[in-house]
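Chain and residue survey
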Amino acid sequence: MSVVSKGLEGIVAAETRLGEVMGAEGVLYYCGYDINELVKVSYEEVVHLLYYNKLPNRAELEKLTTALRAERELPQGVIDFLKHAPKDAKPIDIMRTAVSMLGCYDQKRHDIDVSENLANAIRLTSQIGVIAAYFHRARQGLELPPVRKDLSEAAHFLYLMNGEVPSKEAEKTLDIAYILHAEHGFNASTFTARVVASTLSDMYSAISAAIGALKGPLHGGANEGVIHMLEEIGSPDKVDAWVEEALAQKKKIMGIGHRVYKVLDPRAPHLREMAVQLTAQLGESKWIQMSERIAEIMRERKSLNANVDFYSATVYYSLGIPTDLFTPIFAIARMSGWTAHVLEQWSENRLFRPLSAYVGKPYGQKVVPIDER
């Protein structure tokens, strides 16, 4: 008997080895590793874990790192697009379009011993940060720094964005943020990628669709909403009144609550700690003070906890990253997870084709001639 479950809540659509989100317990695993363990390694090691189902030894890590860094150069046509795209376009839209463009170029390499699909996954994971940084530079009328092959994924993005090599502290902060965002089960964007992949479409189409899903304010766009909310509040002494009014008007408090987690999002404490450290270094503690008070009120009033977006917004803001790049950074980090899911989908493919429950007019309607309607 068919069951109607709006939003597919509670429905198991497929099996996966990649991630497990245990919402009731507030636990997140990648390939069997607790997220609290994985913050001890590098993002590149997590990419290897997602692709190969194991943490790498030094030789394996060097091989993957070399492959990632070798793929950073964008086709000239994509660079031209980034330079001439509307300066006021949303970066996430530019990212979606540029990824789609990448699929138009033959970028096959014959010097790395991996399948074509895995090569495309590595390429996308490598190039997505370049796309975001280059557009940010281009829209300001700045020169595009040449890609480098001696920097980590996190450091390379910050270098391209700012035109200078970041501090070790900034690199480590973004690296951890990448790890925390890399994988999260069958969330909306990942499921979108798998649905497209299930038709045996190409990797670039699946990832373009995933980015489109991530853009929404109920998914990746929420972290931008957090900063806009904090800017609207303005100062710590105005938090209580603002939240009270928002609750009275039944407004959504951005970054609070989660579709799956019924307790604290396990990624949030790591981002909170980094947010506290960064704001202390900057001597601008009002953002974390406001955040902490909002979180406290929502725990007391609604029994809701902060999610990953709540503190990541303050972390990115403190790193000097523009607000409209917050969601693109989510996409940069999640690219490894998305592509790993596409590869997994293809390994034992089954076309997604759910049923629907018809609730329209009664069956058997008769057509009335147009002049008699």
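Provided above is the structure to which this section pertains.
So, how was this worked out
- Residues numbered from 1 in each chain as written.
- Predicted model: local features only at pLDDT ≥ 70, side-chain atom pairs only at ≥ 80, totals over all residues.
- Heavy atoms only, no water.
- Phe/Tyr/Trp six-rings, centres within 6.5 Å; stacked < 30°, edge-to-face > 60°.
- Helix = DSSP H or I, 4+ residues; strand = E, 2+ residues; numbered from the N terminus.
- Lys NZ or Arg CZ within 6 Å of the ring centre and 35° of its normal.
- Salt bridge = Lys/Arg side-chain N within 4 Å of Asp/Glu carboxyl O.
- Buried < 20%, exposed > 50% of the residue type's maximum accessible area, 1.4 Å probe, protein only.
- Pairing = 2+ DSSP bridges.
- Axes fitted to C-alpha atoms, helices over the stretch in contact; angles between N-to-C directions.
- Parallel < 35°, antiparallel > 145°, perpendicular 65-115°, else oblique.
- Left-handed = near helix turned anticlockwise from the far one by under 90°.
- Contact = heavy atoms within 4.5 Å.

1. Observations regarding the packing of aromatic side chains
Scanning the entire structure with this criterion turns up 7 aromatic pairs. Centre to centre, the rings of Tyr-43 and Tyr-178 are 5.1 Å apart; their planes meet at 65°, and the pair counts as edge-to-face. In this pair, Tyr-43 is assigned in helix H2 (residues 43-52) and Tyr-178 in helix H8 (residues 168-181), connecting sequence segments 135 residues apart. In textbook terms, an aromatic cluster arises when at least three aromatic residues are bridged by ring pairs, as seen for Phe-186, Phe-191 and Phe-352. Here the basic side chain of Arg-148 rests over the ring of Tyr-159, its NZ or CZ set 5.2 Å away from the ring centre. Here the basic side chain of Lys-286 rests over the ring of Trp-287, its NZ or CZ set 4.8 Å away from the ring centre.

2. Side note on the environment of Glu-60
Here Glu-60 shows up in helix H3 (residues 58-70). When the C-alpha atoms of Glu-60 and Asp-106 are compared, they prove to be 27 Å apart, with 46 residues separating the residues in sequence.

3. Notes on the pattern of salt bridges
The final tally for this structure, using the stated rule, is 15 salt bridges. Salt-bridge contacts for Asp-93 lead to Arg-96; the nearest nitrogen and oxygen are separated by 3.0 Å. Of this pair, Asp-93 and Arg-96 are both found in helix H5 (residues 91-102), 3 residues apart, which corresponds to roughly one turn of the helix. A salt bridge links Glu-296 to Arg-293, with the shortest nitrogen-to-oxygen separation between them at 2.9 Å. Of the two residues, Glu-296 and Arg-293 both sit in helix H14 (residues 286-302), 3 residues apart, roughly one turn of that helix. Overall, Arg-293 belongs to the partly exposed group, its relative accessible area being 25%. In this structure, a network of salt bridges that share partners links the residues Asp-93, Arg-96 and Lys-215.

4. Observations concerning the pairing of strand S1 (residues 19-22)
Each regular strand carries side chains that alternate between the two faces of the sheet. Judged from the 4 bridges that link them, S1 and strand S2 (residues 27-30) form a sheet pairing that is antiparallel. Looking at the pairing, Gly-19 lines up with Tyr-30 of S2. Hairpin connection between S1 and S2: a loop of 4 residues separates the two successive antiparallel strands, and Gly-26 in this loop has a positive phi of roughly 70°.

5. Considerations on the packing of H8 against helix H15 (residues 308-318)
The geometry of H8 relative to H15 is characterised by a closest axis approach of 11 Å and an angle of 155° between their N-to-C directions. With respect to H15, the axis of H8 lies roughly antiparallel. Here H8 runs over H15; the crossing is left-handed. Along the contact surface, H8 presents Thr-173, Leu-174, Ala-177 and His-181, while H15 presents Val-308, Ser-312, Val-315 and Tyr-316.

6. What to know about the environment of Phe-330
Positionally, Phe-330 belongs in helix H16 (residues 326-347). With a relative accessible area of 4%, Phe-330 lands in the buried category. Each C-alpha atom of the pair Phe-330 and Arg-299 lies 26 Å from the other, and the pair is 31 residues apart in sequence. If we ignore the near neighbours within four places in the chain, the residues touching Phe-330 are His-181, Leu-214, His-219, Gly-220, Asn-223 and Asp-309.

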